[in-house]
Amino acid sequence: MPKRIADSILNFVRLESAAGILLFFTALLAIVIANTPLFSAYQQFFATPVEVRVGALEIAKPLLLWVNDGLMAVFFFLIGLELKRELTEGELSDKRNVVLPGAGAIGGMLVPAGIYLLFNAADPVASRGWAIPAGTDIAFALGVLKLLGNRVPLSVKIFLTSLAIFDDIGAIVIIAVFYTSEISLGALAVAGLCLPVLFALNKRGITSLSPYVLVGTVMWVATLKSGVHATLAGVVLAMFIPMRDPKDPSFSPLKTLEHDLHTVVAYFVLPVFAFANAGISFAGISIEQITHSVTLGIALGLFAGKQLGIFLFCAVAVKLSLAKLPDGMGWSALYGSSVLSGIGFTMSLFIGSLAFANANLAVDERMGILLGSLASGVLGYILLRRSFSSV
């Protein structure tokens, strides 16, 4: 592996590991607050109406939805930048490095979704949550790896990061196809008209980010009004950010923007999202709620489905000689990494907020996310520590 790519991955892992630890504490803080007399103030704060109006154009949402639709669009924009870089000149630009994490990601989405539907297929409302256990929270996963110190080979970190990228691609497709409300063709047409403008900016070699941000903002508002989830505008915008400056090939507008956004997303966007969405009150929690089909489907989908799907699909790819285990990663490390990928916190919370928006569920789907993610994190840590104990 070229030293430049290795250094880039190490820097990414260091940032994501620290972000995962911060994410844990902000989520824990939200849970603590939700189980104190401060819970009412917490709920009222995120229910605060926030309105932006320009003439007849109005966007009025509670603060929580500004976080989920607005700040998370920045998160998905960063995912798009990472994806474009990886496919252009990163680890995934080499097809030999794509098959193993790609196969694992497919298994890691299909099997958890299947397990969830085993419990909930008969309920049309509950079945909308089938994609909740399909995501992997790379920040949390790398945060757990951080606890193991330098014993973890770089190949394991690369595998987990690549797996998470494919997971994110799957989540983007799932959100676009399955969690889109009624379509406004007029607003969608406005969003569509932004695409040739972005294409022209890219082809003309415009490297100033201001016009891209301006057009991207228009596209985000139009997408929001269209019924398609607004975060997808961030992914689309990222695809048009220039990889190289035609006048100075050594300068990459995309990499510069990605580097600048990484800190903002890791230390602000995701912690704020976690704090806003993880406030679960345990008051009145009963055995019936813990054993509810939604809770069990999510928890088992993350804990059992992720490890089975990723490990089995990767094993089949290796046995068929379609891929090989990276240097430094044995079967025990692959299995431990598969278990650790069951930490679905951020993406699972986000998809849950879409799946059950305005739904009248008898349980809080976040309980299953917490249980499945916690079990996956603890077991994954134990297995990987044992796997690298001799390192």
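Residues numbered from 1 in each chain as written. Predicted model: local features only at pLDDT ≥ 70, side-chain atom pairs only at ≥ 80, totals over all residues. Heavy atoms only, no water.

Bringing the overall build of the chain into the picture now. When helices and strands are tallied, the chain shows 15 helices and two strands. Relative to a compact globule of 391 residues, whose C-alpha radius of gyration would be 21 Å, the chain shows 21 Å and is just as compact. Dimensions of the chain along its principal axes, counting C-alpha atoms only, are 60 × 55 × 35 Å. Relative to all contacts within the chain whose residues are 6 or more apart in sequence, the contacts with residues 24 or more apart total 81%. For the chain, the separation between the mean place of its 25 positive charges and that of its 23 negative charges on side chains is 7 Å. (Helix = DSSP H or I, 4+ residues; strand = E, 2+ residues; numbered from the N terminus. Rg over C-alpha atoms; globule rule 2.2 N^0.38 Å. Contact = heavy atoms within 4.5 Å. Lys, Arg positive; Asp, Glu negative; His and termini not counted. Charge placed at Lys NZ, Arg CZ, Asp CG, Glu CD.)

Turning next to the packing of aromatic side chains. Applying the stated criterion across every chain yields a total of 13 aromatic pairs. When the centroid spacing of 5.5 Å and the interplanar angle of 85 degrees are considered together, the rings of Tyr42 and Phe275 count as edge-to-face. In this pair, Tyr42 sits in helix α2 (residues 39-46) while Phe275 sits in helix α10 (residues 253-277), placing the two residues 233 residues apart along the sequence. A relative accessible area of 8% places Tyr42 in the buried class. Note on Trp66 and Trp220: the rings are 6.3 Å apart at their centroids and 35 degrees apart in plane angle, and the pair reads as tilted. (Phe/Tyr/Trp six-rings, centres within 6.5 Å; stacked < 30°, edge-to-face > 60°. Buried < 20%, exposed > 50% of the residue type's maximum accessible area, 1.4 Å probe, protein only.)

All right, on to the side chain of Ser226 then. Relative to the helices and strands, Ser226 resides in helix α8 (residues 209-226). A relative accessible area of 0% places Ser226 in the buried class. What Ser226 contacts, discounting residues up to four positions off in sequence, is Glu182, Ile183, Ser184, Ala187 and Leu188.

Turning next to the pattern of salt bridges. With the rule as written, the count across this model stands at six salt bridges. A salt bridge links Arg53 to Glu51, with the nearest nitrogen and oxygen atoms 3.1 Å apart. Residue Arg366 is joined to Asp364 by a salt bridge in which the shortest nitrogen-to-oxygen separation is 2.7 Å. (Salt bridge = Lys/Arg side-chain N within 4 Å of Asp/Glu carboxyl O.)

Moving on, we come to a nonpolar patch on the surface. Taken together, the side chains of Ile21, Phe24, Phe25, Leu28 and Val32 make up a nonpolar region of the molecular surface, amounting to roughly 440 Å² of accessible area. Checked against the element boundaries, Phe24 lands in helix α1 (residues 3-34). (Patch = residues over 30% accessible without salt bridge, like charges linked within 9 Å, V, L, I, M, F, W, Y side chains within 5 Å. Areas by Shrake-Rupley, 256 points an atom, 1.4 Å probe, with all protein chains shown as cover.)

Among the nonpolar cores identified, the biggest contains 109 residues, and Phe75, Phe76, Trp220 and Phe345 are the most heavily contacted of them. The residues contacting Phe76, other than those within four sequence positions of it, are Ile172, Ile175, Thr231, Gly234, Val235, Met347 and Phe350. (Core = buried A, V, L, I, M, F, W, Y, C linked by side-chain atoms within 4.5 Å.)

Two elements in contact, helix α3 (residues 63-89) and helix α6 (residues 154-178), have axes whose closest approach is 11 Å; the angle formed by their N-to-C orientations is 125 degrees. The orientation of α3 with respect to α6, classified from their angle, is oblique. Pair α3 / α6 crosses with left-handed handedness. Residues Phe76, Ile79, Leu83 and Glu86 of α3 form the contact with α6, whose participating residues are Ile165, Asp168, Ile169, Ile172 and Ile175. The residue inventory of the contact of α3 with α6, partitioned by class, reads seven nonpolar, no polar and two charged. (Axes fitted to C-alpha atoms, helices over the stretch in contact; angles between N-to-C directions. Parallel < 35°, antiparallel > 145°, perpendicular 65-115°, else oblique. Left-handed = near helix turned anticlockwise from the far one by under 90°. Nonpolar A, V, L, I, M, F, W, Y, C, P; charged D, E, K, R; others polar.)

Let us now look at the packing of α8 against helix α9 (residues 231-238). Where α8 contacts α9, the axes come no closer than 8 Å and their chain directions differ by 150 degrees. Of the possible angle classes, the one that applies to α8 and α9 is roughly antiparallel. In this structure, α8 crosses over α9, and the sense of that crossing is right-handed. Of the residues in α9, those in contact with Tyr212, Gly216, Met219, Trp220 and Thr223 of α8 are Ala233, Val236 and Leu237. For the contact of α8 with α9, the per-class residue count stands at six nonpolar, two polar and no charged.

Before going further, it helps to spend a moment on the pairing of strand β1 (residues 49-54). Taken across its six residues, β1 has zero buried, putting it largely on the surface. Two strands pair when backbone bridges link them, and β1 and strand β2 (residues 57-62) are joined in this way by six bridges, in the antiparallel orientation. Paired with Arg53 across the bridge in β2 is Glu58. Between the antiparallel neighbours β1 and β2 lie two residues, among them Gly55 with a positive phi of about 60 degrees. (Pairing = 2+ DSSP bridges.)

Across the chain, the average pLDDT comes to 86, with 94% of residues at 70 or higher. Taken element by element, the predicted model of the chain shows its lowest mean pLDDT in α1 (72) and its highest in helix α12 (residues 293-319) (95). (pLDDT = per-residue confidence, 0-100.)

It is worth spelling out α3 at this point. Across its 27 residues, α3 extends 38 Å between first and last C-alpha, which sits within 8% of the 39 Å expected from 1.5 Å per residue. Bending of α3 peaks at approximately 30 degrees at the position of Met72. Within α3, 20 of the 27 residues are buried, which leaves it mostly tucked inside the rest of the structure. (Expected span 1.5 Å × (residues − 1). Bend = angle between axes of the 7 residues up to and from the residue.)

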